[in-house]
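# Observations on the three-dimensional arrangement
Spelled out, the chains give:
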Amino acid sequence: MSMFHSRRFGVRLLLAAALALPALPVPFALAQQAQPAPAAKVSPAHLQLARDLVAVNGEARAFEGIIPNIVDGAALSFLQTNPDLAKQLREVAIIVRPEFEARQAEIIDILATSYTRHFTEAELKEAITFYRSPTGAKLVQDRPVIVQEAVQGIQAWGAQVNAQAIERVRAEMRKRGVDL
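Residues numbered from 1 in each chain as written. Predicted model: local features only at pLDDT ≥ 70, side-chain atom pairs only at ≥ 80, totals over all residues. Heavy atoms only, no water.

Here the focus is the overall build of the chain. Secondary structure summary: the chain contains nine helices and zero strands in total. Listed N to C, the secondary structure of the chain is α-α-α-α-α-α-α-α-α in terms of helices and strands. Contacts in the chain between residues far apart in sequence, at least 24 positions, make up 84% of those at least 6 positions apart. (Helix = DSSP H or I, 4+ residues; strand = E, 2+ residues; numbered from the N terminus. Contact = heavy atoms within 4.5 Å.)

What follows covers the pattern of salt bridges. This model, assessed by the stated rule, comprises nine salt bridges. Between Arg97 and Asp72 there is a salt bridge whose closest N-O contact spans 2.8 Å. Remark: Asp72 occurs in helix α5 (residues 66-76) and Arg97 occurs in helix α6 (residues 86-101); sequence separation between them is 25 residues. Judged by relative accessible area, which is 23%, Arg97 ranks as partly exposed. Linking Arg103 and Glu106 is a salt bridge whose minimum nitrogen-to-oxygen distance equals 2.8 Å. (Salt bridge = Lys/Arg side-chain N within 4 Å of Asp/Glu carboxyl O. Buried < 20%, exposed > 50% of the residue type's maximum accessible area, 1.4 Å probe, protein only.)

Once that is clear, we can look at α6. Within an α-helix, residues lying three or four positions from one another point in the same direction, as the helix has 3.6 residues per turn. The terminal C-alpha atoms of α6 lie 22 Å apart, and with 16 residues this matches the ideal 22 Å at 1.5 Å per residue to within 8%. Taken as a whole, α6 carries its principal kink of about 35° at Ile95; the proline Pro98 stands between one and four residues after it. Residues of α6 that are buried: Ala86, Leu89 and Ala93. The inward-facing, buried residues of α6 abut α5. (Expected span 1.5 Å × (residues − 1). Bend = angle between axes of the 7 residues up to and from the residue.)

Okay, the confidence of the model for the chain next. Across the chain, the average pLDDT comes to 84, with 78% of residues at or above 70. When the criterion is pLDDT under 50, residues 1-32 qualifies, and its contacts beyond four places in sequence or with other chains add up to 44 contacts. (pLDDT = per-residue confidence, 0-100.)

A few words now on the nonpolar core. Within the largest apolar cluster, 23 residues are counted, with the highest numbers of intra-cluster contacts made by Leu53, Val54, Phe63, Ile107, Tyr115 and Leu124. Those elements that place two or more of their residues in this core are α3 (44-56), α4 (59-62), α5, α7 (104-118) and α8 (121-132). With sequence-adjacent residues up to four places away left out, Ile107 is seen in contact with Phe63, Ile66 and Ile67. (Core = buried A, V, L, I, M, F, W, Y, C linked by side-chain atoms within 4.5 Å.)

Structurally, Arg90 is set in helix α6. Residue classification places Arg90 among the partly exposed positions, given a relative accessible area of 46%. Separated by 15 residues in the primary sequence, Arg90 and Ala75 place their C-alpha atoms 6.9 Å from one another.

Moving on, we get to the side chain of His46. With respect to the helices and strands, His46 occurs in helix α3. Judged by relative accessible area, which is 12%, His46 ranks as buried. Setting aside chain neighbours within four positions, we find His46 in contact with Thr116, Phe119, Thr120, Glu121 and Leu124.

The next thing to look at is the side chain of Glu59. Summarising the element assignment, Glu59 is placed in helix α4. Arg143 is the oppositely charged side chain nearest to the buried, salt-bridge-free Glu59, at an N-O distance of 6.1 Å. In terms of polar contacts, Glu59 uses its side chain to reach the side chain of Tyr115, at 2.5 Å. (Lys, Arg positive; Asp, Glu negative; His and termini not counted. Polar contact = N/O pair within 3.5 Å; in protein donor to acceptor, adjacent residues only side chain to side chain.)

Let's shift gears to the packing of α3 against α8. At their nearest, the axes of α3 and α8 sit 9 Å apart, and the two run at 25° to each other. Taken together, α3 and α8 sit at an angle that is classed as roughly parallel. Handedness of the α3/α8 crossing: left-handed. Across from Ala45, His46, Leu49, Ala50, Asp52, Leu53 and Val56 in α3, the residues of α8 making contact are Glu121, Leu124, Lys125, Ala127, Ile128, Tyr131 and Arg132. Class assignment for the residues of the contact of α3 with α8 results in nine nonpolar, one polar and four charged. (Axes fitted to C-alpha atoms, helices over the stretch in contact; angles between N-to-C directions. Parallel < 35°, antiparallel > 145°, perpendicular 65-115°, else oblique. Left-handed = near helix turned anticlockwise from the far one by under 90°. Nonpolar A, V, L, I, M, F, W, Y, C, P; charged D, E, K, R; others polar.)

To continue, consider α5. Across the 11 residues that make up α5, a large majority, nine, are buried. Taken together, the buried positions of α5 are Ile66, Ile67, Pro68, Asn69, Val71, Asp72, Gly73, Ala75 and Leu76.

Here you go:
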């Protein structure tokens, strides 16, 4: 896989996660740091409620581009050793994509299963009700713009902090007789 392609995939995956995370309550986000609980028997109704939540809160859409990226990355991973096959590899990726796009429901089930470990059926129903409310719908609709604004703000902040850190490191190294 080319470095450019792997970065693009990583950025898309990161953005998909970033789009999903603001929808998660803080306790759930903190719970993700712990090891997942062993899979317990989940009722079909509980799992369906979790799937419904993932659909209504926008998380399902956030992961829509993942499968094409994975398939493209798999095909393009052969480029380093076979650069002359670039056109054919892209064509093959397009041919096999539908086979893997049919597996999109697996991503939804992974997300939904995580919710079933942390939320009761009643809690899922409450969350679904919220996301179907005008405020919840607005959150889902505006989340991509909010995340984009936040990422831009964090990037600007990071650049500023980086510049300040560089100056501090230089100052401390000057004290040691090293001019950077």
